Each structure stands twice: as C-alpha cells, then as structure tokens.
Amino acid sequence: MDFQTALERLVSLAGTDPGFYVLALHSFIEGFSNTLVPNFSTTAKFNEIIDLLMYQLEKNGALTVENRTALIRIAKEHAGTHRVRHQFISLTKEEAQAATHNFLCFCRAFSISDRRLDTLKATLT
C-alpha cells in the first residue's frame, strides 16, 4: 500500500461527499490491515480487521485505552459505510468529522505520520 498516494486521495475527498469520504477512510484501514497480513481484508469482516489491529497494538505494547476506544468507535461507524455502499445514503458532516477524529487516532496508534494528516486534522475545526 502506498500510504502517501492513499493519504493524498483522502485529502482530496475531505470536504466533499461525507459518505464517500468515510468509506475511503475505512478502505484505507482495510488496506493497512493488508500490510500486516497480506490480503487479509479480502476475506475478513471489518470487525475481524479491528481485532487484528488491536492484536497488533497489544503485541507492540501500544494498546492504550485511547487506541482501543478509537478502534471500537471505528468498528461501530462501519455500519454507516455499509449504508453508503448498499443503500446510497448520505452521512452528515458531523459523522465525517467524527470519523476523521477516529482515523487520526488510528494513524497515531500505528505511527502513520504524514503532512497530509495535518490537512485532515484541519477539517475538524
């Protein structure tokens, strides 16, 4: 996974359609799981991806309460991405902001650092 290109795409989606943007955030997370276990997201359910991520953080001694809470929130918000994909519903700006917050917590937990994340952070204000 080319993180720089993926983050560039996320930045380009920020501020556009909230549903597709949140879907893209979750796709990034799925792609990241594939860097831990090749092709994992192609057969795993999203909750299994979250379990893998928690296991990885625990193994690295980085499963803090904040990181665990963020991953649980990401798992819960995933139902919205299903509605975007299967029912073509919209998500609100507030849902996109919450997803951005959770995504930034995910990035910090896994030491994903890039200047483009500052652009996503700026969308929270």
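Being a predicted model, the structure only gives us computed values, none of them experimental. (Residues numbered from 1 in each chain as written. Predicted model: local features only at pLDDT ≥ 70, side-chain atom pairs only at ≥ 80, totals over all residues. Heavy atoms only, no water.)

**Here's the deal with the packing of aromatic side chains**
Definition in use: In this scheme Phe, Tyr and Trp rings, the latter by its six-membered ring, pair at centre separations within 6.5 Å, and the angle between planes marks the pair as stacked below 30 degrees, edge-to-face above 60, and tilted otherwise. In this text, helices come from DSSP runs of H or I with a minimum length of four residues, and strands from runs of E with a minimum of two, each type numbered from the N-terminal end. Relative accessibility under 20% of the residue-type maximum defines a buried residue, over 50% an exposed one, and the middle range a partly exposed one, all with a 1.4 Å probe and only protein chains included.
Counted according to the given criterion, the structure contains nine aromatic pairs. Geometrically, the ring pair formed by phenylalanine 3 and phenylalanine 28 is tilted, given 5.7 Å between the ring centres and 45° between the ring planes. Residue phenylalanine 3 is located in helix α1 (residues 3-13), and its partner phenylalanine 28 is located in helix α2 (residues 18-36); the two are separated by 25 residues in the primary sequence. Of the residues examined, phenylalanine 3 reaches a relative accessible area of 27% and is grouped as partly exposed. Phenylalanine 28 gets classed as buried once you look at its relative accessible area, which sits at 4%. Three or more aromatic residues link up through ring pairs in this structure, and these residues are Phe3, Phe28, Phe32, Phe103, Phe106 and Phe110.

**Focus: the packing of helix α4 (residues 46-59) against helix α5 (residues 65-87)**
Spelled out, the test is: Axis definition: a line fitted to C-alpha atoms, limited for helices to the stretch in contact. Angles are taken between N-to-C directions and run from 0 to 180 degrees. Roughly parallel refers to an angle under 35 degrees, roughly antiparallel to one over 145, roughly perpendicular to one between 65 and 115, and oblique to any angle outside these ranges. Whether two residues are in contact is decided by their heavy atoms: any pair within 4.5 Å suffices. Think of it as three bins: nonpolar holds Ala, Val, Leu, Ile, Met, Phe, Trp, Tyr, Cys and Pro, charged holds Asp, Glu, Lys and Arg, and polar takes everything else, Gly as well.
Relative orientation of the contacting elements α4 and α5 amounts to 170°, with a least axis distance of 10 Å. As far as their axial angle goes, α5 and α4 are roughly antiparallel. Facing Phe46, Asn47, Ile50, Leu53, Met54 and Leu57 of α4, the residues of α5 in contact are Asn67, Arg68, Leu71, Ile72, Ile74, Ala75 and His78. A class-by-class count of the residues in the contact of α4 with α5 yields nine nonpolar, three polar and one charged.

**What to know about the packing of α1 against helix α7 (residues 115-122)**
Going by this rule: Helix crossings fall into two classes, left-handed where the near helix is turned counterclockwise from the far one by less than a right angle and right-handed where it is turned clockwise.
Where α1 contacts α7, the axes come no closer than 9 Å and their chain directions differ by 20°. Relative to α7, the element α1 is oriented roughly parallel. Both α1 and α7 take part in a crossing whose hand is left-handed. Every residue of α7 that contacts α1 at Gln4, Leu7, Glu8, Leu10 and Val11 is listed here: Arg116, Leu117, Thr119 and Leu120.

**Regarding the pattern of salt bridges**
Threshold: By convention in these notes, a salt bridge is any Lys or Arg side-chain nitrogen within 4 Å of a carboxyl oxygen on Asp or Glu.
Counting across every chain of the model gives three salt bridges. Glutamate 66 is the partner of arginine 108 in a salt bridge, and the nearest nitrogen-oxygen pair spans 3.6 Å. Residue arginine 108 is located in helix α6 (residues 93-109), and its partner glutamate 66 is located in helix α5; the two are separated by 42 residues in the primary sequence. Residue arginine 116 pairs with aspartate 114 through a salt bridge whose shortest N-O separation is 2.9 Å.

**Quick look at α1**
For clarity, the cut-off: Directions from the helix axis toward the C-beta atoms define the arc. Polar contact criterion, stated in full: a pair of N or O atoms within 3.5 Å, where within protein one must be able to donate a hydrogen and the other to accept it, and residues adjacent in sequence count only if both atoms are side-chain atoms.
Those residues of α1 that fall on the buried side of the exposure criterion are Ala6, Leu7 and Leu10. For α1, the angular spread of buried residues about the axis comes to 95°, placing them on one side. Looking at α1, the residues exposed on the side facing more than 90 degrees away from the buried face are Arg9 and Ser12. Of the surrounding secondary structure, the elements contacted by the buried residues of α1 are α2, α6 and α7. The residue sitting at the N-terminus of α1 and contributing the capping side-chain oxygen is aspartate 2; that oxygen lies 3.3 Å from the backbone nitrogen of glutamine 4. Looking one or two residues beyond α1, the residue adopting positive phi is glycine 15, at roughly 85°.

**Description of the side chain of serine 33**
Tracing the backbone through its elements, the reader meets serine 33 in helix α2. Not counting residues up to four positions away in its chain, the partners in contact with serine 33 are Phe40, Ser41, Ile49 and Leu52.

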